[in-house]
Amino acid sequence: SVDGGVVVVVLVVEWAGRSGLFALGNSNSLASVDISKAYTGLTAYAQTLVGLLTCVIVVSGPLLAFFAALAALALASPPPKPDAPPRPVSGSVLLAVALLSFLRVGCLVCFCGVAFGLREHLFVWSVVAPKLLAESALSATLLLLHAATLLLATAADHLAAPPPSARPQPPSPS
């Protein structure tokens with residue numbers, strides 16, 4: 001079914017996004033963030049630009065995975081027939097974004113629970129807290145992207161719908 005395909009795509013994308021973070025040279029530690037990549041091509045120091053580029057470099061794995069999921073969902077849907085009315089695209093996008101958002105928030109809740117449960121442990125501030133900070137920043141970025149995707153999908157559906165005058169009207173009782 002289409003919904004089962006969406007769930008599989010979402011789970012694969014979530015796994016690929018999380019492993020993409022490590023595949024691109026990042027880790028769970030804030031000390032290991034490589035900011036030298038953000039200076040590539042700059043002739044002068046620009047703190048805002050370096051910070052923005054560092055943020056993009058750190059979240060590029062999950063972002064690429066999310067965009068790949070949207071492309072896979074778009075390619076998986078069959079093309080509309082010439083005489084058929086336009087169908088909404090936001091159904092599978094809504095399901096995918098809801099599942100991805102649920103996984104993100106669930107992960108944050110788990111990390112918050114671990115940080116709270118281990119708050120008096122010696123290493124919680126050097127291990128769990130930096131991971132919670134990095135996960136919070138990544139989740140905030142991705143949740144904003146999810147909201148923007150939903151807005152764009154809804155707008156695309158609205159623009160693709162026929163105008164009210166083109167819709168068939170029920171016969172008037174006379």
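The rules behind these values
- Residue positions are given per chain, counting from 1 as you read along its sequence in written order.
- Per-residue local features of the predicted model are confined to residues with pLDDT of at least 70, and side-chain atom pairs are confined, for both listing and counting, to 80 or more; whole-chain, interface and lining totals are unaffected and use all residues.
- With hydrogens and water excluded, all non-hydrogen atoms of the structure serve as input to the side-chain values.
- The method works on a 1 Å grid over the protein atoms by themselves. A cavity is a set of points holding a 1.4 Å probe that cannot get out, a pocket is an open set with protein on both sides within 12 Å along at least five of seven lines, and residues with an atom within 4 Å of a point line them.
- Grid points are joined across faces, edges and corners, and a volume is the space filled by probe spheres set on the points.
- Basically, the charged four are Asp, Glu, Lys and Arg, the nonpolar ten are Ala, Val, Leu, Ile, Met, Phe, Trp, Tyr, Cys and Pro, and anything else, Gly included, counts as polar.
- Each residue carries a pLDDT value, the predictor's own confidence for that position, ranging from 0 to 100.
- Think of it this way: any DSSP run of H or I at least four residues long counts as a helix, any run of E at least two long counts as a strand, and we number them from the N terminus.
- Between rings of Phe, Tyr and Trp, where Trp is taken as its six-membered ring, a pair exists when centres lie within 6.5 Å; planes separated by under 30 degrees are stacked, by over 60 edge-to-face, and by other angles tilted.
- Think of it in three bands: residues with accessible area under 20% of the maximum for their type are buried, residues over 50% are exposed, and the middle band is partly exposed, with areas taken using a 1.4 Å probe on protein chains only.
- Whether a charge sits over a ring comes down to the Lys NZ or Arg CZ being within 6 Å of the ring centre and within 35 degrees of the ring normal.

Caption draft 1: Broad picture of empty space enclosed by the protein. What the rule picks out here adds up to 1 cavity of 30 Å³ or more. By volume, the largest cavity amounts to about 90 Å³. Lining the largest cavity we find Val 13, Glu 14, Gly 17, Arg 18, Pro 62, Ala 65, Phe 66, Leu 100, Arg 104, Leu 142 and His 146. For the lining of the largest cavity, a count of residues per class yields 6 nonpolar, 2 polar and 3 charged.

Caption draft 2: Molecular detail of the confidence of the model for the protein chain. Mean pLDDT over the protein chain works out to 79, with 81% of the residues at or above the 70 mark. No element of the protein chain has a lower mean pLDDT than helix α1 (residues 2-23), which averages 78, and none a higher one than helix α3 (residues 90-117), which averages 86.

Caption draft 3: View of the packing of aromatic side chains. Taken as a whole and assessed by the stated rule, the structure comprises 2 aromatic pairs. Summarising the aromatic geometry, the rings of Tyr 39 and Tyr 45 are spaced 6.3 Å apart at their centres and angled 25° between planes, so their arrangement reads as stacked. The partly exposed category is assigned to Tyr 39, whose relative accessible area is 36%. When the centroid spacing of 6.0 Å and the interplanar angle of 55° are considered together, the rings of Phe 66 and Phe 67 count as tilted. Residue Phe 66 is classed as buried on the basis of its relative accessible area, which comes to 3%. We note Arg 119 situated over the ring of Phe 116; from NZ or CZ to the ring centre the distance is 4.2 Å.

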